[in-house]
Amino acid sequence: AYFRQLSLAFGERKDVANDFVLLGNPVWSRPLVSLGDGIYYCALPQGFFSFAFQILNELAAKDSRLQEAWARRRAEFLEGEIETVFRDAFPTAVIATNYKWKDADAQYENDVLIQVGSHLIIIEAKSGAVSWPALRGAPERAKKHFRELITEPSIQSLRLKEKIDGLA
């Protein structure tokens, strides 16, 4: 079933306009050619590695449970790798993950806090990805991703910094 989802049959794209093929080539996410009778051919096997994340995202998008598991695993991996890198770089650092704190009635969470001496490093680990429409120039989608991946995490970090500054 997955090979079928990763393949194109001869002539399958004949009615599709090729105006933006350089920005969204269908072969990137479907690198196999279906020859029929369950036989598939791959002219460029490196396509799987070059576009692995796009391929996996598209496969996961077809199954909500798989999509949830894929997103959760990406987030867990990213936070774990950040922790590992900082533990290796700063063996005496104090590291807290998924740090929860309150301000008035609101509860917040920061992904990773690292105390190195008198310095506190606040990290918001965002494992989200910029969608292909945004990469191809869809301005509203790009703004949405920028807000989710850059602006909101920066505000979250600033919120904790201001809370800490208020305690000093």
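Below or above, wherever it landed, is the structure these notes cover. (Residues numbered from 1 in each chain as written. Predicted model: local features only at pLDDT ≥ 70, side-chain atom pairs only at ≥ 80, totals over all residues. Heavy atoms only, no water.)

Topic: the pairing of strand β5 (residues 106-116)
Note the cut-off: Strands pair, by our definition, only if DSSP identifies at least two bridges between them. Every helix listed is a DSSP run of H or I at least four residues long, and every strand listed is a run of E at least two residues long, numbered separately from the N terminus.
In the sheet, strand β4 (residues 94-103) pairs with β5 via 9 bridges, with the strands oriented antiparallel. Considered in β5, the bridge of Trp-101 is made with Tyr-108. Sheet topology note: the β5/strand β6 (residues 119-123) ladder contains 5 bridges and is antiparallel. If you follow Val-116 over to β6, its bridge partner there is His-119.

Overview of the nonpolar core
Side chains of nonpolar character tend, in soluble globular proteins, to be buried together. This is how the line gets drawn: Remark: nonpolar core denotes a set of buried residues (Ala, Val, Leu, Ile, Met, Phe, Trp, Tyr, Cys) joined through side-chain atoms within 4.5 Å. Think of it in three bands: residues with accessible area under 20% of the maximum for their type are buried, residues over 50% are exposed, and the middle band is partly exposed, with areas taken using a 1.4 Å probe on protein chains only. Between two residues, a contact is recorded if the distance between any of their heavy atoms is within 4.5 Å.
With 8 residues, the main nonpolar core is built from Ile-82, Phe-86, Ala-93, Ile-95, Val-112, Ile-114, Ile-123 and Ala-125. Mapped onto this core, the elements with two or more residues apiece are α4 (64-89) and β5. Discounting residues that sit within four places of it in the chain, Phe-86 has contacts with Ile-95, Ile-114, Ile-121 and Ile-123.

Focus: the environment of Tyr-41
Along the chain, Tyr-41 turns up in strand β3 (residues 39-41). Judged by its relative accessible area of 47%, Tyr-41 falls in the partly exposed class. Along the primary structure Tyr-41 and Glu-79 are separated by 38 residues, whereas in three dimensions their C-alpha atoms are 38 Å apart.

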